[in-house]
Amino acid sequence: KCINCFWFVIMGLCVAPTNYCKLGAIATIEKICPERVPLCLDLLPALSGEDTTKSFFQELVNILLSYVCKSFRRSSKVLDFHHPHQLREGLEGFSLELPDQPENLEQLLVDCRDTLKYGVKTGHPRFFNQLSSGLDVIGLAGEWLTSTANTNMFTYEVSPVFILMEEILLKKMQEIVGWSEEEGDGVFCPGGTMSNLYSVLLARYHFFPEVKTKGMTALPRLILFTSAHSHYSVKKSAAVLGIGSENVVVVKCNDWGKMIPAELESSIITAKDQGCVPFYVNATAGTTVYGAFDPLNAIADICESHGLWLHVDAAWGGGLLMSNLHRVKLQGIERAWSVTWNPHKMMGAPLQCSAILVKKRGLLKDCNQMCAEYLFQTDKHYDTSYDTGDKTIQCGRHVDVFKLWLMWKAKGSEGFESQVNKCLENAEHLFDKLKQRPDFELVFKSKPEHSNVCFWYIPPSLRNMSPGPERNRRLHEVAPKIKAKMMEQGMAMIGYQPLGDKVNFFRCVFSNPATQTEDVDYLLEEIASLGHDICIRAETDL
């Protein structure tokens, strides 16, 4: 009989239903039944499940370690691309469908391996597709520990160490921004969009605290301002908070993607003349496409003049604050009332890791506190000011701080500075290479401010064409065709997009410390090779 559930063992198998104990415990018959394949119920907390758990984790670690090593190997692919219908239908035993009966641990390990196999190696040195890239080994270790701890960030009683780590990290980041010790509050959020949403939420509450209880019907028509090149999350925040996306005034930018202060001032005056109430301005430090930095001091002057909340979205550009060479590009950020900063971008922390920093201490709590008695009792035996959950709009909150804390311990501020400087050096190298090549054309002739470099590849069939609508129409099709070929081959990955009156162009961004100049050179040769024979037909031939 099975020593746990007393079902009979016949021919080396436990004959309990579906081959596991009806009591939900491991059928501890490995010694009696050596041919039996373990199931998840054989793992801890099952009786005698320790050895099986160790074996399972050892196999899993081998899979993960193999993947990490391949991610840094230039001979390996960035991706093994398959279309959605191919993955849905299943590939070589890899099925996304969910079974009614449990599958064994061996199959689960195969599924883990295949999940990584058919995904994208965002840590690969030749992955240039997103602002967040790279695979920091220390950060990865921090993420593993975080998941092992599996706790929540709402109270000190269940998350004592992580709560204190968050406080220390936020103070450090506020100090780097340039705020005094008496100023500053913040919280780590699930991404930059949520951080930006917090900024609008707090600005509205600061000027109109009655909104918390009475809602938008008690308020005048509010207007907020952001640049034409800002992140779409500002409009999304206005929509989510009931302000309305039509009440977001998009301010014109110059040719380099920077907000024009005179246009901002004019827009504010116009809104006031129309009987509206301006209350918030979003300035961007590192725009998503061009990597542009808005003139923060000039914008701060206007905000002070009109009594408006200044938020700086430094989700992408905040990492430059770690560099003594490049932090000057964010001059004036200390005058902001709130700042978004994403360490999962330029600082290379694993996703997700974003912070909203708020200058006015206590505002987060006043705006969001609901005093749920089952969590935030006031008669606890410790200092309940460390029960930070009531100052967020979430209840459950993932621990995003430990991986960054561990990385900071491993690198120090100087290590982050070197990392940021190297990424911008790679961008400058790419810019210099593009200037020298007749088969490429830069979107901007000036050196990039950030690590964004924007350019077109010009295939031979377009090089002798005169500028005009027909050339633009054909050029618009080049980048998507090259990107498709690139993804099919899988050896590199880069993004493209149109913007304003500019047809599709490539945007290369650098945030991966593993990327070297040889990878930049490879990217250009790969694009040229894939695009050389592209021939876009004339519109009259279609």
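Along every chain, residues carry numbers that run from 1 in the direction the sequence is written. A pLDDT threshold of at least 70 governs which residues receive local features in this predicted model, and a stricter bar of 80 or more applies before side-chain atom pairs are shown or counted, although totals over entire chains, interfaces and linings include all residues. Water and hydrogen atoms were dropped before computing side-chain values, which therefore reflect all heavy atoms in the structure.

### What to know about the UniProt feature "modified residue: N6-(pyridoxal phosphate)lysine" (unreviewed entry) in the protein
UniProt marks K345 with the feature "modified residue: N6-(pyridoxal phosphate)lysine" (unreviewed entry), using the numbering shown here. By the secondary structure assignment, K345 is in the loop between β9 (338-341) and β10 (354-358). The class of K345 is buried, set by a relative accessible area of 15%. When near neighbours in sequence (up to four residues on either side) are disregarded, K345 contacts L131, S132, A315, W316 and S511. UniProt positions are given in the numbering used here, feature names are shortened, and annotations may be inferred rather than shown by experiment. Numbered from the N terminus, helices here are DSSP runs of H or I no shorter than four residues, and strands are runs of E no shorter than two. Buried means the residue's accessible area, taken with a 1.4 Å probe over protein chains only, is under 20% of the maximum for its type, while exposed means over 50%, and partly exposed covers the values in between. A contact between two residues is defined here by any heavy atoms of the two lying within 4.5 Å.

### What to know about the packing of helix α14 (residues 478-489) against helix α15 (residues 517-531)
Between two packed helices, what matters for the description is the angle formed by their axes and the separation of those axes. Geometry is summarised by axes, namely lines fitted to C-alpha atoms with helices restricted to the contacting stretch, and by angles between N-to-C directions that run from 0 to 180 degrees. The interhelical angle for the contact between α14 and α15, taken along N-to-C directions, is 110°, at an axis separation of 9 Å. The pairing of α14 with α15 is recorded here as roughly perpendicular in orientation. Note that α14 runs across α15; the crossing there is right-handed. Here I482, K485, M486 and Q489 of α14 lie close against α15, whose contacting residues are L523, E526, I527, L530 and G531. Partitioning the contact of α14 with α15 into residue classes produces five nonpolar, two polar and two charged. Should an angle fall under 35 degrees it is called roughly parallel, over 145 degrees roughly antiparallel, and 65 to 115 degrees roughly perpendicular, with every other angle called oblique. By definition, turning the near helix anticlockwise from the far helix through less than a right angle yields a left-handed crossing, and turning it clockwise yields a right-handed one. Classification convention: Asp, Glu, Lys, Arg as charged; Ala, Val, Leu, Ile, Met, Phe, Trp, Tyr, Cys, Pro as nonpolar; all other residues, Gly among them, as polar.

### What to know about the packing of aromatic side chains
Only the six-membered ring of Trp is used, alongside the rings of Phe and Tyr, when aromatic pairs are assigned; centres must lie within 6.5 Å, and planes under 30 degrees apart are stacked while those over 60 apart are edge-to-face, with the rest tilted. Evaluated as defined, the whole model comprises 17 aromatic pairs. Geometrically, the ring pair formed by F56 and F57 is tilted, given 6.0 Å between the ring centres and 50° between the ring planes. When the centroid spacing of 4.5 Å and the interplanar angle of 85° are considered together, the rings of Y290 and F444 count as edge-to-face. Here the residue Y290 occupies a position in the loop between β7 (277-284) and α10 (296-306), and F444 occupies one in the loop between β11 (440-442) and β12 (453-457), the gap between them amounting to 154 residues. The exposure classification of Y290 matches that of F444, with both residues buried. Through a chain of ring-to-ring contacts, three or more aromatic side chains come together here, namely Y290, F444, W456 and F505.

### Brief notes about the sheet that holds β9
Either a parallel or an antiparallel arrangement is found when strands of a sheet pair, and the pairing is made through backbone hydrogen bonds. Ordered by their spatial adjacency, seven strands build an open sheet running β4-β10-β9-β8-β7-β5-β6, and the pairing between neighbours is mixed. Edge strands, defined here as strands with exactly one partner in the open sheet, are β4 (185-189) and β6 (248-251). The mean angle between the axes of side-by-side strands here comes to 20°, regardless of whether they run parallel or antiparallel. Two strands make a pair as long as DSSP finds a minimum of two bridges between them. As judged from the four bridges shared by β9 and β10, these two strands associate in the antiparallel manner. If you follow W341 over to β10, its bridge partner there is A355. In the packing of α10 onto the sheet, contacts are made with β7 and β8 (309-314), and the angle to β8 comes to roughly 155°.

### Let's talk about helix α5 (residues 160-177)
The first and last C-alpha atoms of α5 sit 26 Å apart over 18 residues, in line with the 26 Å expected at 1.5 Å per residue. For α5, the set of buried residues is F162, I163, M165, E166, L169, L170, M173, Q174, I176 and V177. The buried residues of α5 occupy an angular sector of 165° when projected down its axis, which confines them to one face. Seen from the open side of α5, the exposed residues pointing more than 90 degrees away from its buried face are V161, I168, K171 and E175. On its buried face, α5 is in contact with α4 (137-149), β4, β9, β10 and α12 (402-436). Of the residues trailing α5, G178 is marked for its positive phi of about 115°. Any helix carries an expected span of 1.5 Å times its number of residues minus one. Note: the arc covers the axis-to-C-beta directions of the helix.

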